[in-house]
Amino acid sequence: MSTLFKRRDADDIFRNTPIFLDEEHLLARFVPWITGVLIFVVLLVLFGMMLSYRLVTTWHSTMEYTWTVQIDGTLTPDKNDAVLKMLRETGGITSVNPLDKDTSLALLKPWLGGDLSKDLPIPMLIDIRLDKTQPLDPETLSKRLSAIDPHVTLDTHEQWLGDVSALMKNFRVLMIALGLLLILGLVLAITLVTRMNFALNQTIIATLHMTGATDRFIAEEFERSTLWLTVKGTSIGLILLISVKVSLYFFGRHEPMLAGLVTPIFPFFETVCVIALSGALIGLSVWASRQTALRRLAKIVT
Amino acid sequence: MRDNAPALEFRDVSMRYDEGRAVMHQVNFTLERGTFTYIRGRSGAGKSTLLKLAYHGLEPTAGHILVFGEDLRRLPRARLPQFRRNIGVVYQDFRLLGHLTALQNVAMPLHVAGVKSTQLRADVKELLDWVGLSDKASQLPVTLSGGEKQRLAIARAVITKPKLLLADEPTGNVDDKMAMKLMYLFEELHKMGTTILMVTHNDGLVERFPHPQLMLEDGYVHAV
């Protein structure tokens, strides 16, 4: 009795050996890397889209109940006090926090530089937090502030958030287009690889035909080879994606604007989406391979 | 496939490769079921072409080829796999699949026919024993000698118990001792009822194992 019969308990003796995949061949060594990089970029696009969505949602939820009152720097202190008093007495506002001059200067530093004169009329900024259960009409508050002085203005961040949302929407459309283009690239790459594999294995195909193999059987073997290669490729793509996420986590966790976005590293929904897309890409590659093989096989006369 | 039809019939078969010279001119012969026939002739006489025509690896330029009463010209492509499962072919160049083991190579015709692995394993083991290669089951063809490859190719050709066996110089790459062993294998298959058509150059074997011969000369076939 041969050692193979003793050693192998697996029922299917062809289970781990796709007929059209010679592990030593150049195709078997490079195709996983090519598909891996393509799949990685597609997953990165998906990740980018979800990140942008989370970014806008986070900013919206943070700023929806945070408004800023701006008082012209030339106004007298009693006007400032009047504004503060009015805000503190208004229902629906949970906290009124005037920023000190140093904090305001620090905010202006990126635009005006660090060498600002202390005499420069810096506007006074008041950060107000709203009660979520007691909605406040921004127009009414704005009118009441203007009544104290026309140079007192209310910023609800609506304009800024609107601009950011529109920008992110365009970004997502661009990402979808890029993602579709990359998926097309993946399908074309798989088609090309299958055609190359087909040309390389003409003798094997002829031999299989002579042993009574159907076109369907041969196409399924090409499918199996592609499955083998793309599963390897997807693993490479996922490892690259995880590396990016871990890097973002380490670099982004100290950035206040990003901190909420990089933790946790593997949010449930994103992880499910990435796994689902990976599966779909493998399925698409396998389908493309089968169709290509069937088209080529149909051209063989005998 | 008709029950009482001859195993192989060539009716006015002519063959010409593209615009080249004609390899066969209106060849006619019939092989009855259960016969063992040699095909002989000089190199380039068209012996391998005749076998390729018989297993429908080539389409004749003219004429009809009938295998078990089935006209290959009229055989739809969808029925070819089923048709070919009744024919075993031993190629001159073995055509073993290089990255598959000896076991997998022999099992291939059963695998393509959808035979379950449990059943397949027993048949392959028995056949590898029969050709004396049971200890080489896990080896790749590249590690086998010429004679072992030839025996493996024969094992693959007969694993499905074909009704017709076409063998192209099956003893061409082995020494005389091995050639004798292989011939005993073919004789055994013949006794089991397999129709055998074998191309050979080996006069010694033909004398030792006498069977009817077809001589291919200048594109014509005649019985010897």
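Residues numbered from 1 in each chain as written. Chains lettered and ligands numbered in written order. Predicted model: local features only at pLDDT ≥ 70, side-chain atom pairs only at ≥ 80, totals over all residues. Heavy atoms only, no water.

(A) The domain arrangement of chain A, seen in detail. For chain A, the assigned domains are domain 1 (20-60 + 161-298) and domain 2 (73-150). Between the C-alpha centres of domain 1 of chain A and domain 2 of chain A the distance comes to 51 Å. (Domains from an automatic or database assignment.)

(B) Representation of empty space enclosed by the protein. Per the counting criterion, the structure on display carries 3 cavities of 30 Å³ or more. Size it by volume and the largest cavity reaches roughly 90 Å³. Along its surface, the largest cavity is lined by A:Met210, A:Thr211, B:Arg84, B:Arg85, B:Ile87, B:Gly88, B:Val89, B:Tyr91, B:Pro109, B:Arg156, B:Ala157 and B:Thr160. Residue assignment for the lining of the largest cavity shows that the elements contributing at least two residues are strand S6 (87-90) and helix H5 (146-158) of chain B. Looking at the lining of the largest cavity element by element, the count peaks at 3 residues for S6(B). Residue composition of the lining of the largest cavity, by class: 6 nonpolar, 3 polar and 3 charged. (1 Å grid on protein atoms, 1.4 Å probe; cavity = no way out; pocket = protein on both sides within 12 Å on 5 of 7 lines; lining within 4 Å. Points joined across faces, edges and corners; volume = space filled by probe spheres on them. Helix = DSSP H or I, 4+ residues; strand = E, 2+ residues; numbered from the N terminus. Nonpolar A, V, L, I, M, F, W, Y, C, P; charged D, E, K, R; others polar.)

(C) Structural context of the confidence of the model for chain A. All names here are of chain A. When pLDDT is averaged along chain A, the result is 85; 91% of the residues meet or exceed 70. Across chain A, helix H10 (residues 268-298) holds the top mean pLDDT of 93, while helix H1 (residues 3-7) sits lowest at 35. Of the regions scoring below 50 in pLDDT, residues 1-10 engages in 18 contacts with residues more than four places distant in sequence or in other chains. (pLDDT = per-residue confidence, 0-100. Contact = heavy atoms within 4.5 Å.)

(D) The arrangement of unusual backbone geometry in detail. All names here are of chain B. The backbone of His-56 shows a phi angle near 65°, a positive value even though the residue is not glycine. Position of His-56 among the secondary structure elements: in the loop between helix H1 (47-54) and strand S4 (62-67). His-56 sits in the buried class, given a relative accessible area of 4%. For Asp-218, which is not a glycine, the phi torsion comes out positive at approximately 50°. Relative to the helices and strands, Asp-218 resides in the loop between strand S9 (213-217) and strand S10 (220-223). Given a relative accessible area of 59%, Asp-218 falls into the exposed group. (Buried < 20%, exposed > 50% of the residue type's maximum accessible area, 1.4 Å probe, protein only.)

(E) Representation of the interface of chain B and chain A. Listed as interface residues are 32 residues of chain B and, on the opposing side, 36 residues of chain A. It is B:Arg77, B:His99 and B:Arg121 that lose the most area in chain B upon contact with chain A, and together they represent 22% of the buried surface on that side. At the surface where chain B touches chain A, the tally comes to 1 salt bridge. Between chain B and chain A we count 5 residue pairs in polar contact (both at pLDDT 80 or more) in total. Elements supplying a minimum of two residues to the side of chain B that touches chain A: helix H2 (80-84), helix H3 (102-112) and helix H4 (117-130) of chain B. Residues belonging to the side of chain B that touches chain A are distributed by class as follows: 15 nonpolar, 9 polar and 8 charged. (Buried area = accessible area lost by both parts, 1.4 Å probe. Salt bridge = Lys/Arg side-chain N within 4 Å of Asp/Glu carboxyl O. Polar contact = N/O pair within 3.5 Å; in protein donor to acceptor, adjacent residues only side chain to side chain.)

(F) Spotlight on the layout of surface pockets. Residue and element names in this part refer to chain B. When its volume is computed, the second largest pocket comes out at roughly 340 Å³. Lining the second largest pocket are Asp-123, Glu-126, Leu-127, Trp-130, Val-158, Ile-159, Lys-161, Pro-162, Glu-188, Leu-189, Met-192 and Thr-194. Put simply, the parts of the chain that give the lining of the second largest pocket at least two residues each are H4 and helix H6 (176-191). Per element, the largest residue contribution to the lining of the second largest pocket is 4 residues, and it comes from H4. Tallied by class, residues from the lining of the second largest pocket come to 7 nonpolar, 1 polar and 4 charged.

(G) Spatial organisation of the packing of aromatic side chains. Summed over the entire model, instances satisfying the criterion amount to 7 aromatic pairs over all chains. Seen from their ring centres, A:Phe20 and A:Phe222 are 4.2 Å apart, and the 15° between their planes marks the pair as stacked. Residue A:Phe20 is found in the loop between H1 and helix H2 (26-63), and its partner A:Phe222 is found in helix H8 (residues 215-252); the two are separated by 202 residues along the sequence. Like A:Phe222, A:Phe20 is buried. Aromatic pair B:Tyr55 and B:Tyr91: ring centres 6.0 Å apart, planes at 80°, arrangement edge-to-face. Taken together, the residues span a long stretch of sequence, with B:Tyr55 in the loop between H1 and S4 and B:Tyr91 in the loop between S6 and H3 at a distance of 36 residues. Take B:Tyr55 and B:Tyr91: they sit in the same class, and that class is buried. Of the aromatic side chains, those joined through ring pairs into one cluster are A:Phe20, A:Phe198 and A:Phe222. Between the NZ or CZ atom of B:Arg95 and the centre of the ring of B:Tyr91, over which it lies, the distance is 4.3 Å. (Phe/Tyr/Trp six-rings, centres within 6.5 Å; stacked < 30°, edge-to-face > 60°. Lys NZ or Arg CZ within 6 Å of the ring centre and 35° of its normal.)

(H) Seen up close, the packing of H2(A) against H8(A). Residues and elements named next belong to chain A. Packing of H2 against H8 brings their axes to within 7 Å, and their N-to-C directions diverge by 45°. Classified by the interaxial angle, the pair formed by H2 and H8 is oblique. Viewed along their axes, H2 and H8 form a crossing whose handedness is right-handed. For the contact of H2 with H8, the class distribution of residues is 17 nonpolar, 6 polar and 2 charged. (Axes fitted to C-alpha atoms, helices over the stretch in contact; angles between N-to-C directions. Parallel < 35°, antiparallel > 145°, perpendicular 65-115°, else oblique. Left-handed = near helix turned anticlockwise from the far one by under 90°.)

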